[in-house]
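Architecture at a glance
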Amino acid sequence: MLAAAIIAVVAVAVIGGVWYYTTLAPNEKVLKVFHAGSLTLPFEDIEAQFETDHPNVDVQLEPAGSVACVQKITESGEECDVLASADYLLIPNMMMTPESDYADWYIIFAVNRMTLAYTDNSKYADEITAENWYEILRRSDVKWGFSDPNLDPCGYRSPMVIQLAEYEYGDDMIFEDLIEANCDITVSEEAGTYLIDANMTNLNPNTDRLAIRDKSVELVSLLQEGGLDYAFEYSSVAKQHGLNYLDLPVTIDLSSTDYENIYKTVKIEKTTTTSTGEPIVYGLTIPKNAPNPNLAEEFVKYIINESGQTIMSDSGQPPVVPAVTNDISKIPESLKKYVVQ
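Note that the coordinates shown come from a computational prediction; the quantities given were computed from them, not determined experimentally.

**Describing the sheet that holds strand β6 (residues 107–111)**
Pairing within the open sheet is mixed, and its seven strands lie in the order β2-β1-β3-β16-β6-β17-β18. Each edge of the sheet is formed by a strand with only one pairing partner; in this case those strands are β2 (57–64) and β18 (339–340). Where strand β17 (residues 319–325) meets β18, two bridges bridge the pair, whose relative direction is parallel. From the neighbouring strand, Ala 323 faces β18, where its bridge partner is Val 339. Where helix α3 (residues 66–74) meets the sheet, its contacts fall on β1 (29–36), β2 and β3 (82–85), and the angle it forms with β1 comes to roughly 135°.

**Considerations on the packing of aromatic side chains**
This model, assessed by the stated rule, comprises 13 aromatic pairs. Summarising the aromatic geometry, the rings of Trp 144 and Phe 146 are spaced 5.8 Å apart at their centres and angled 40° between planes, so their arrangement reads as tilted. Note on accessibility: Trp 144 and Phe 146 belong to one class, buried. Grouped by ring-pair contacts, the aromatic residues Trp 133, Tyr 134, Trp 144, Phe 146, Tyr 169 and Phe 232 constitute a single cluster. Above the plane of the ring of Tyr 124 lies Arg 139, whose end atom (NZ or CZ) is 4.4 Å from the centre. A cation sits over an aromatic face here: Lys 270 above Tyr 156, 4.3 Å from the ring centre.

**Some remarks on the pairing of strand β10 (residues 193–197)**
In terms of strand pairing, strand β9 (residues 186–190) meets β10 through five bridges, oriented antiparallel. Along β10, the bridge assignment pairs Val 187 with Ile 196. Here β10 runs beside strand β14 (residues 266–269); their pairing, made up of four bridges, is parallel. The residue bridging Tyr 194 from the neighbouring strand is Val 266, located in β14.

**Here's the deal with the pattern of salt bridges**
Taken as a whole, this structure holds 13 salt bridges when the rule is applied. Here Lys 288 makes a salt bridge to Asp 101, at a shortest N to O gap of 2.8 Å. Highlighted residues: Lys 288 in the loop between β16 (281–285) and α11 (293–304) and Asp 101 in strand β5 (residues 100–101), separated in sequence by 187 residues. Using a relative accessible area of 47% as the deciding quantity, one classes Lys 288 as partly exposed. Note that Arg 138 and Asp 177 form a salt bridge whose closest N and O atoms lie 2.9 Å from each other. Of the two residues, Arg 138 is situated in helix α5 (residues 133–138) and Asp 177 in helix α7 (residues 174–180); the sequence distance between them amounts to 39 residues. Of the residues examined, Arg 138 reaches a relative accessible area of 21% and is grouped as partly exposed. The class of Asp 177 is partly exposed, set by a relative accessible area of 30%. Connected through salt bridges with shared partners, the residues Glu 135, Arg 138, Asp 171 and Asp 177 form a single ionic network.

**Regarding the nonpolar core**
Formed by 107 residues in total, the largest nonpolar core has its most connected members in Phe 109, Trp 133, Trp 144 and Phe 232. The greatest single-element share of this core, amounting to eight residues, is contributed by helix α6 (residues 153–169).

**Section: the packing of helix α2 (residues 40–53) against helix α12 (residues 306–314)**
Helix-helix packing: each pair is described by the crossing angle between the helix axes and the interaxial distance. At a minimum axis separation of 9 Å, α2 and α12 run at an interaxial angle of 145°. The element α2 and its partner α12 pack so that their crossing is right-handed. In this structure, α2 uses Pro 42, Asp 45, Ile 46 and Gln 49 to contact α12, whose residues at the interface are Ser 307, Ile 311 and Met 312. A class-by-class count of the residues in the contact of α2 with α12 yields four nonpolar, two polar and one charged.

Reading the values: rules and limits
- Residues numbered from 1 in each chain as written.
- Predicted model: local features only at pLDDT ≥ 70, side-chain atom pairs only at ≥ 80, totals over all residues.
- Heavy atoms only, no water.
- Pairing = 2+ DSSP bridges.
- Helix = DSSP H or I, 4+ residues; strand = E, 2+ residues; numbered from the N terminus.
- Contact = heavy atoms within 4.5 Å.
- Axes fitted to C-alpha atoms, helices over the stretch in contact; angles between N-to-C directions.
- Phe/Tyr/Trp six-rings, centres within 6.5 Å; stacked < 30°, edge-to-face > 60°.
- Buried < 20%, exposed > 50% of the residue type's maximum accessible area, 1.4 Å probe, protein only.
- Lys NZ or Arg CZ within 6 Å of the ring centre and 35° of its normal.
- Salt bridge = Lys/Arg side-chain N within 4 Å of Asp/Glu carboxyl O.
- Core = buried A, V, L, I, M, F, W, Y, C linked by side-chain atoms within 4.5 Å.
- Left-handed = near helix turned anticlockwise from the far one by under 90°.
- Nonpolar A, V, L, I, M, F, W, Y, C, P; charged D, E, K, R; others polar.

Below, the structure written as structure tokens:
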């Protein structure tokens, strides 16, 4: 009788499995989203809402540095349904060229600002201010970090902030003391424009003083565990993870269109392209080879509609309202009511 019962249970399981894979599984869809690491928390909330409304869809979020996200599509041949970058310019510069034709439109949907994050246990946490932070980072017993400029926009914006700080604070040795003394990144000046050279595969950081990671959110755990005193982050990431952070002067935090002329005096050469200092603006697109373009449109709606805007705002990431597109004639019809040219 026991043997018969076991056989019956196995038979039911097999039949159930066959029924599932022949009946239910074909109706399930996987929606893959490549996105900047700084979007992880708000996108997880959007994912939960989307999957509740679309029970047969499995949204798979793949966070990484934005450059790495784009390279997965353009160089590694990977496919995704939605690409969301912490620098909207990566889309036209790396996905909308004759040599790399993977998109023909993008939507600007959020902004951010640079900050210096830390914890209560960071060395000199009780001393640091928006006026003296570079002096604190100069101290030999302080360890700080930023993400890889060749993989992550937060990484190439961090040296920009440090170079802009020289003019803001009237100290022309800040970049040399913080960057050049601790890694192989250099800067040169010509006619009032500063060119930062990070065009190298090995940045060779002095690991006693400087930590460089693939994406900025990887520095958060180092801060929280005490392996790092300070890290350059987006203010949204600092807020989401409960970190202390400095409100840096608007002239250097890359947040305001009022200071575009100051920001653009700094450029950084990377292994992929050269980026010019600009306000921090996020962009997204649906690649031309997206496996599920219709579902991708629906997911983009959840990012840029009123509910998505609320999620972004609650996560400390100001949405662009309404969202802005480079070419309203080319975006999907279902998205047009949410954007302006």
